[in-house]
Number of protein chains: 2
Amino acid sequence: MGWFTKSDYQPKGKHCYVSGGTQGLGKALAESLVKQGAHVTVVARDVVKGEKTLADLKALAQPHQIIQFISADLTDAISSQETLIKASEPFDGKCPDYLFLCAGFSRPKYMMDSSLEDFKGGFDGVYWVSAYTAQAAVKTMIRQRRTGRIVFVSSFLGYASFAGYTNYSPGKYALRGLSDSLRSEMLLHNIKIHIFMPCGIAGPGHDAENAEKPAITFKIEENDTLIQPAVSAKALEKGLRNGQYSITDNIVCDFARLRSDGGVPGNGFFTDLFYLIVSSYGFPIWRWTADREVKKGRQAVLDDYEARGVYDTHGEIIKRY
Amino acid sequence: MGWFTKSDYQPKGKHCYVSGGTQGLGKALAESLVKQGAHVTVVARDVVKGEKTLADLKALAQPHQIIQFISADLTDAISSQETLIKASEPFDGKCPDYLFLCAGFSRPKYMMDSSLEDFKGGFDGVYWVSAYTAQAAVKTMIRQRRTGRIVFVSSFLGYASFAGYTNYSPGKYALRGLSDSLRSEMLLHNIKIHIFMPCGIAGPGHDAENAEKPAITFKIEENDTLIQPAVSAKALEKGLRNGQYSITDNIVCDFARLRSDGGVPGNGFFTDLFYLIVSSYGFPIWRWTADREVKKGRQAVLDDYEARGVYDTHGEIIKRY
């Protein structure tokens, strides 16, 4: 992007599809898009929050802007396809121009305390909730000879991980795998792919996460600065305007990025050089301090397991759980 | 590991559980483990290959070594749990000591040509085929107050990705996310976690993959050196003996590692410094050449889509596929 080149990220008049758009980052983004003159479809499960969001967005919109809310469970493949079709109806069946895949949740747990449902459901609610929609959108855009852009939302925890996130980081890493592959493949069709790598975002999602967070996980994140949804959304849109592939909202994620991103297109030679130099050793040092917190918290976890009778003291054989 | 410290990787007398152990890396590894005096359980779907492997392994074993084959579909959670229980029966129900999770397959396809089943099934056959077993093993080891080690098998394509791998890289990245989180968390229980990041391994798996590989994907990988399964298995065991967390079988993967691993424990200060310096810019240059191959192959793909009638020329609205 030259200094005098107009960015090709221009929401005005575009149909923007925002999953998870009734709270947190998704809602902040939807509001910003409406203010910029975009038509916006918000998708989420909760109908009450959805109707509230619809009213809030309509209050910000000009009469000609199309604003929709669709209630759907996007962890289901068919539902993801049908929701995209439904969203396209007022647009002569044309695929949305910009997709912002913000849906997802986090419920950190130690593996020992995770049921099969925690482990599988946690993954589906991070990965498939976006991946099914991405596949449907890509295939539709290609069939319709349209271009567009798809924005995945991963996390710092899609670059690096630690105790408590076995049901979350796999999905966030997987989104990066999908995005990295699609970024390359969609050069064939002029469809732009981006991945947003935010740090912790304040809001109901984060509150729910913290309510049950394991003690060690909490301790490792103790000094993290939460970012307000509107600030995070602003950082995301700035990255899109600048044509960045991996977009962050925080310098910590930029350090992580240069040590973790597998050589995807960077965000500027000199700033990236700075991040690279600092993170090459700074990031492993952070990881080492996190490991130390795990070891410090060890005895408390083992005592808790003892108290809860987790250990098999009767010499039973392995059982299903 | 000091020069005079004995490695704690000692397969002799241990019960080693090898998924995907009837061909390629898994079989080579099973053979090596049997030769070192381990008890070995091989798990795979194909009964014919399984019986053949069982005979081959028994021919290498001493009479006191327990060698088993179990036919199972490990992409199913309950089957994964039951297979682990069954494998443990001759060992008084004790969880295997070492788990080598080698099962998995690769069928690269462009997203446009991927059915829902290709996309979902490809993922399950890479991620869940290992993740369910890992969860079952971790919970069992903790309950039984046993230690042990779990070795995940990811790929170069778990560090970086490109056109053709949207049904494969997400699973290989996800394995890294699971492994990175578990490595930290299992410091609580002295369970060791490793992740193997091989380049292409010669054998029937790779032949099947190449049979249908998209042209651009093939071109990007054209100059890759395939590694023989026994050589790859040897590199893996060497890394385990040296106490490495991320293990590679090839210098290309070491370059990728330092640009992609999220600051996990390294494999030696000076060698890693070398890889870091080279890969910091060398790896993005490789990625740039891969992008160029995608663009060069563009017209042929678009012509093919035109010939196959992929485009919707009738102004139909979006449909489910």
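Residues numbered from 1 in each chain as written. Chains lettered and ligands numbered in written order. Predicted model: local features only at pLDDT ≥ 70, side-chain atom pairs only at ≥ 80, totals over all residues. Heavy atoms only, no water.

**Q** What exactly am I supposed to notice about the overall build of chain A here?
**A** Of regular secondary structure, chain A possesses 12 helices and seven strands. Radius of gyration (C-alpha) of chain A: 21 Å, near the 20 Å computed for a compact globule of 321 residues. Each principal axis of the C-alpha distribution contributes one length, and for chain A these read about 70 × 45 × 35 Å. Counting every position in chain A, which comprises 321 residues, the buried fraction comes to 62%. Of the contacts made within chain A by residues no fewer than 6 positions apart, 72% connect residues no fewer than 24 positions apart. Of the accessible surface of chain A, which amounts to about 12600 Å², a share of 55% is contributed by carbon and sulfur atoms. Of the charged side chains in chain A, 38 are positive and 35 negative, and the gap between their average positions amounts to 7 Å. (Helix = DSSP H or I, 4+ residues; strand = E, 2+ residues; numbered from the N terminus. Rg over C-alpha atoms; globule rule 2.2 N^0.38 Å. Buried < 20%, exposed > 50% of the residue type's maximum accessible area, 1.4 Å probe, protein only. Contact = heavy atoms within 4.5 Å. Areas by Shrake-Rupley, 256 points an atom, 1.4 Å probe, with all protein chains shown as cover. Lys, Arg positive; Asp, Glu negative; His and termini not counted. Charge placed at Lys NZ, Arg CZ, Asp CG, Glu CD.)

**Q** Just checking my understanding: could you explain the packing of helix α4 (residues 116-124) of chain A against helix α5 (residues 128-143) of chain B for this structure?
**A** In a pair of packed helices, the angle between the axes and the distance between the axes together describe the arrangement. It is at 11 Å that the axes of α4 of chain A and α5 of chain B come closest, and there the two elements cross at 150°. Judged by the angle between their axes, α4 of chain A and α5 of chain B are roughly antiparallel. By crossing handedness, the relation of α4 of chain A to α5 of chain B is classed as right-handed. Only Trp128, Ala131, Tyr132 and Gln135 of chain B of α5 of chain B make contact with α4 of chain A, whose side of the interface consists of Leu116, Phe119, Lys120 and Phe123 of chain A. Within the contact of α4 of chain A with α5 of chain B, the residues separate by chemical class into six nonpolar, one polar and one charged. (Axes fitted to C-alpha atoms, helices over the stretch in contact; angles between N-to-C directions. Parallel < 35°, antiparallel > 145°, perpendicular 65-115°, else oblique. Left-handed = near helix turned anticlockwise from the far one by under 90°. Nonpolar A, V, L, I, M, F, W, Y, C, P; charged D, E, K, R; others polar.)

**Q** Any chance you could explain the packing of aromatic side chains here in plain terms?
**A** This structure, assessed with the given rule, holds 41 aromatic pairs over all chains. Ring centres of phenylalanine 255 of chain B and tyrosine 275 of chain B lie 5.5 Å apart, and the angle between their planes is 80°; on these two criteria the pair is classed as edge-to-face. Of the two residues, phenylalanine 255 of chain B is situated in helix α10 (residues 251-260) and tyrosine 275 of chain B in helix α11 (residues 269-296); the sequence distance between them amounts to 20 residues. You can call tyrosine 275 of chain B buried: its relative accessible area is 14%. Joined through ring pairs, the aromatic side chains of Phe119, Phe123, Tyr127, Trp128 and Tyr132 of chain A together with Phe119, Phe123, Tyr127, Trp128 and Tyr132 of chain B make up one cluster. One residue, arginine 176 of chain A, lies across the ring of tyrosine 173 of chain A, its end atom 5.7 Å from the ring centre. Just above the ring of tyrosine 245 of chain B sits the side chain of arginine 183 of chain B; from NZ or CZ to the centre is 5.7 Å. (Phe/Tyr/Trp six-rings, centres within 6.5 Å; stacked < 30°, edge-to-face > 60°. Lys NZ or Arg CZ within 6 Å of the ring centre and 35° of its normal.)

**Q** Please explain the sheet that holds strand β4 (residues 98-101) of chain A as it appears in this structure.
**A** Two modes of strand pairing occur in sheets, parallel and antiparallel, and in both the strands are linked by backbone hydrogen bonds. Residue and element names in this part refer to chain A. Strand order in the open sheet formed by seven strands is β3-β2-β1-β4-β5-β6-β7, with parallel pairing between adjacent strands. At either margin of the open sheet sits one strand with a lone partner, and together these are β3 (67-71) and β7 (246-248). Strand-to-strand twist across the sheet, computed as the mean angle between neighbouring axes with direction ignored, equals 15°. Sheet topology places strand β6 (residues 191-197) next to β7; three bridges connect them, and they run parallel. Residue pairing in the sheet places phenylalanine 196 in a bridge with isoleucine 247 of β7. (Pairing = 2+ DSSP bridges.)

**Q** Explain the relation of the copies chain B and chain A to me, please; I cannot follow it from the model alone.
**A** Both copies of the chain are related by one operation, a rotation about an axis with a shift along it. After a rotation of 180° and a shift along the axis of 0.0 Å, chain B superposes on chain A with an RMSD of 0.0 Å. The relationship between the two copies is best expressed as a two-fold rotation axis. For chain B, the smallest separation between a C-alpha atom and the rotation axis is recorded for serine 260 of chain B, amounting to 1.9 Å. The overlap is high: 100% of the interface residues of chain B also sit at the interface in chain A, so the same surface is used on both sides. (Least-squares fit on C-alpha atoms with pLDDT ≥ 70 in both.)

**Q** Any chance you could explain the pattern of salt bridges here in plain terms?
**A** Oppositely charged side chains can form a pair if their charged atoms are brought close together. Applying the stated criterion to the full structure yields 39 salt bridges over all chains. Here arginine 259 of chain A makes a salt bridge to aspartate 261 of chain B, at a shortest N to O gap of 2.6 Å. With arginine 259 of chain A in helix α10 (residues 251-260) and aspartate 261 of chain B in the loop between α10 and α11, this residue pair bridges two chains. Look at arginine 259 of chain A and you get buried, because its relative accessible area is 5%. (Salt bridge = Lys/Arg side-chain N within 4 Å of Asp/Glu carboxyl O.)

**Q** Would you mind going over unusual backbone geometry with me for this structure?
**A** Backbone geometry follows two general trends: most residues other than glycine have a negative phi, and most peptide bonds adopt the trans configuration. Residue and element names in this part refer to chain A. Positive phi, close to 55°, is recorded for asparagine 190, a residue that is not glycine. Tracing the backbone through its elements, the reader meets asparagine 190 in the loop between α6 (169-185) and β6. When its relative accessible area of 45% is taken as the criterion, asparagine 190 is described as partly exposed.

**Q** Help me understand the sheet that holds strand β2 (residues 39-44) of chain B, please; the structure alone is not making it clear to me.
**A** Residue and element names in this part refer to chain B. Read across the sheet, seven strands follow the order β3-β2-β1-β4-β5-β6-β7 without closing on themselves; strand pairing throughout is parallel. Edge strands, defined here as strands with exactly one partner in the open sheet, are β3 (67-71) and β7 (246-248). On average, each strand axis in the sheet is inclined to that of its neighbour by 15°, with strand direction left out of account. The sheet contact formed by strand β4 (residues 98-101) and strand β5 (residues 148-153) spans four bridges and is parallel. The partner of leucine 99 across the bridge, within β5, is isoleucine 150. The strands that helix α2 (residues 47-60) touches are β2 and β3; relative to β3, the one it contacts most, it runs at about 175°.

**Q** What's the story with the pairing of β5 of chain B in this structure? I'm lost.
**A** Each regular strand shows side chains that alternate between the opposite faces of the sheet. All names here are of chain B. Among the six residues that make up β5, six are buried, leaving the element largely enclosed by the rest of the structure. Along β5, one buried face is formed by Gly148, Ile150 and Phe152 and the opposite face, lined by Arg149, Val151 and Val153, is buried too. In the sheet, β5 pairs with strand β6 (residues 191-197) via six bridges, with the strands oriented parallel. Pairing of valine 153 across the sheet is with phenylalanine 196, part of β6.

**Q** Explanation requested: the interface of chain B and chain A in the structure shown.
**A** By a widespread convention, an interface's size corresponds to the accessible area lost as its parts come together. Between chain B and chain A, the residue contacts involve 95 residues of the former and 95 residues of the latter. Together chain B and chain A conceal approximately 8400 Å² of surface at their shared face, both sides included; 62% is due to carbon and sulfur atoms. Summed over the shared surface of chain B and chain A, the result is six salt bridges. Glutamate 306 of chain A is the salt-bridge partner of arginine 145 of chain B, the closest N and O atoms lying 2.9 Å from each other. Considering every element that reaches the side of chain B that touches chain A, the biggest residue donor is helix α6 (residues 169-185) of chain B, with 13 residues. Tallied by class, residues from the side of chain B that touches chain A come to 49 nonpolar, 22 polar and 24 charged. (Buried area = accessible area lost by both parts, 1.4 Å probe.)

**Q** I tried to follow helix α11 (residues 269-296) of chain A on my own but got confused; where do I start?
**A** An α-helical turn contains 3.6 residues, so a residue and the one three or four places further along point in the same direction. Residue and element names in this part refer to chain A. Over its 28 residues, α11 extends 39 Å from the first C-alpha to the last, a length consistent with the 40 Å expected when each residue adds 1.5 Å. Taking the largest bend as the criterion, α11 deviates by roughly 45°, centred on serine 279. By the burial criterion, the buried members of α11 are Asp272, Tyr275, Leu276, Ser279, Ser280, Phe283, Pro284, Arg287, Ala290, Asp291, Glu293 and Val294. (Expected span 1.5 Å × (residues − 1). Bend = angle between axes of the 7 residues up to and from the residue.)

**Q** How should the state of the cysteines be read in this particular structure?
**A** Here is the idea: a disulfide is a covalent bond, and it sits between the sulfur atoms of two cysteines. Per the stated rule, a full pass over the model turns up zero disulfides over all chains. Left unpaired, cysteine 16 of chain A is separated from the closest cysteine sulfur, that of cysteine 102 of chain A, by 11 Å. Its sulfur unpaired, cysteine 95 of chain B is 12 Å from the next cysteine sulfur, which belongs to cysteine 16 of chain B. (Disulfide = S-S within 2.5 Å.)

**Q** Which parts of the structure should I look at to understand the confidence of the model for chain A?
**A** Close reading of the predicted structure is inappropriate where its pLDDT is low. On average, residues of chain A score 94 in pLDDT, and 96% of them reach the 70 mark or higher. Interface scoring of the predicted complex returns ipTM 0.96; its pTM is 0.96. (pLDDT = per-residue confidence, 0-100.)

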